[in-house]
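Secondary and tertiary structure notes
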Amino acid sequence: MSGGRRRRVVSEAELALWMKVAETVEPLPGRALPEPVAQPAPPKPVEERPASPPSAAVVAPKPLRPSPPPLAPLEAKLRRRLARGVVEIDARVDLHGLRQDEAHRRLASFLIRAQAEGHKVVLVITGKGRPGAEEAFGSERGVLRRSVPHWLSSPAARDVVIGFEPADPVHGGAGALYVRIRRSGRR
């Protein structure tokens, strides 16, 4: 074998199974069944020495990244103030009409930019989907309308997104989402 790769050692059980299968076939004219090849014995285990106490560097597990914080809904007061226009939406991105991969990239870069600029609430417009598309694609229309909430809920987005909810009809209703943005550097 080239490249320093070692061959896998076939176990006795695998060899016995193969021989049973080989007995059920008829060899081609002029050929005979090959004799079973003796497998090299597996290497003997190295005799263990008495274990010395492990050093702290070897035993200490790698620190795990803390799990992403859970999503939090918008407070009712903030939602009412957004709907009435008392609180302004800091930025908005319109994704409808884009393919999923384009929309995902644009949403990710928009959210990162919104966080860097210190925005608190942004509007993500997904669109409601094409009328009549529910017959072809199931009970709910709008690919982005279904996909964007999954993207916003993903662990990768939790460093930026605190929570999200469907927007008020004034801002697009079911075709848009209010998204609360996490302050930069906080979790």
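What counts and what doesn't
Residues numbered from 1 in each chain as written. Predicted model: local features only at pLDDT ≥ 70, side-chain atom pairs only at ≥ 80, totals over all residues. Heavy atoms only, no water. Pairing = 2+ DSSP bridges. Helix = DSSP H or I, 4+ residues; strand = E, 2+ residues; numbered from the N terminus. Axes fitted to C-alpha atoms, helices over the stretch in contact; angles between N-to-C directions. Contact = heavy atoms within 4.5 Å. Buried < 20%, exposed > 50% of the residue type's maximum accessible area, 1.4 Å probe, protein only. Polar contact = N/O pair within 3.5 Å; in protein donor to acceptor, adjacent residues only side chain to side chain. Right-handed = clockwise from strand over helix to strand, strands pointing away. Salt bridge = Lys/Arg side-chain N within 4 Å of Asp/Glu carboxyl O.

Points about the sheet that holds strand 3 (residues 161-166)
Hydrogen bonding along the main chain pairs the strands of a sheet, whether they run parallel or antiparallel. Strand order in this open sheet of four strands is 1-2-4-3, and the pairing throughout is mixed. The open sheet is flanked by strand 1 (91-94) and strand 3, the only strands paired with a single partner. The sheet shows a mean angle of 20 degrees between the axes of neighbouring strands, direction not considered. Sheet analysis places strand 1 next to strand 2 (residues 121-125), joined by four bridges and oriented parallel. For Asp-94, the partnering residue across the bridge sits in strand 2 and is Ile-125. Most of the contacts of helix 3 (residues 76-84) go to strand 4 (residues 176-181), to which it runs at about 125 degrees, and overall it touches strand 2, strand 3 and strand 4.

Some thoughts on the pairing of strand 4
For strand 4, the tally of buried residues reaches six of six residues, placing the bulk of the element in the interior. Across the two faces of strand 4 the burial is the same, with Ala-176, Tyr-178 and Arg-180 and Leu-177, Val-179 and Ile-181 all buried. The pairing of strand 2 with strand 4 spans five bridges and is classified as antiparallel. Directly across from Val-122, in strand 4, lies its bridge partner Val-179. As defined by bridge partners, strand 3 adjoins strand 4 across five bridges and the pair is classed as antiparallel. Counterpart to Pro-166 in the pairing with strand 4 is Leu-177.

Here's the deal with the side chain of His-171
Looking at where His-171 falls in the secondary structure, it is placed in the loop between strand 3 and strand 4. Among the residues examined, His-171 registers a relative accessible area of 18% and is labelled buried. Within the local environment of His-171, its side chain forms a polar contact with the side chain of Tyr-178, the two groups lying 2.6 Å apart. In contact with His-171, not counting residues within four places along its chain, are Leu-82, Ala-83, Ile-89, Leu-123, Ala-176 and Tyr-178.

Some points on the pairing of strand 2
With four of five residues buried, strand 2 is to be regarded as a mostly interior element. Chirality of the crossover, the property in question, places the unit of strand 1, helix 4 (residues 100-116) and strand 2 among those that are right-handed.

Comments concerning the pattern of salt bridges
Side chains bearing opposite charge may pair, as long as their charged atoms lie close to each other. Counted under the stated rule, the structure contains four salt bridges. Note that Arg-99 and Asp-101 form a salt bridge whose closest N and O atoms lie 3.1 Å from each other. The class for Asp-101 is partly exposed, based on a relative accessible area of 36%. Across the pair Arg-99 and Glu-102 runs a salt bridge, and its minimum N-O distance is 3.8 Å. Take Glu-102: its relative accessible area is 29%, and that puts it in the partly exposed class. Where salt bridges share partners, they join Arg-99, Asp-101 and Glu-102 into one cluster.

Nothing here speaks to function; it is all geometry.
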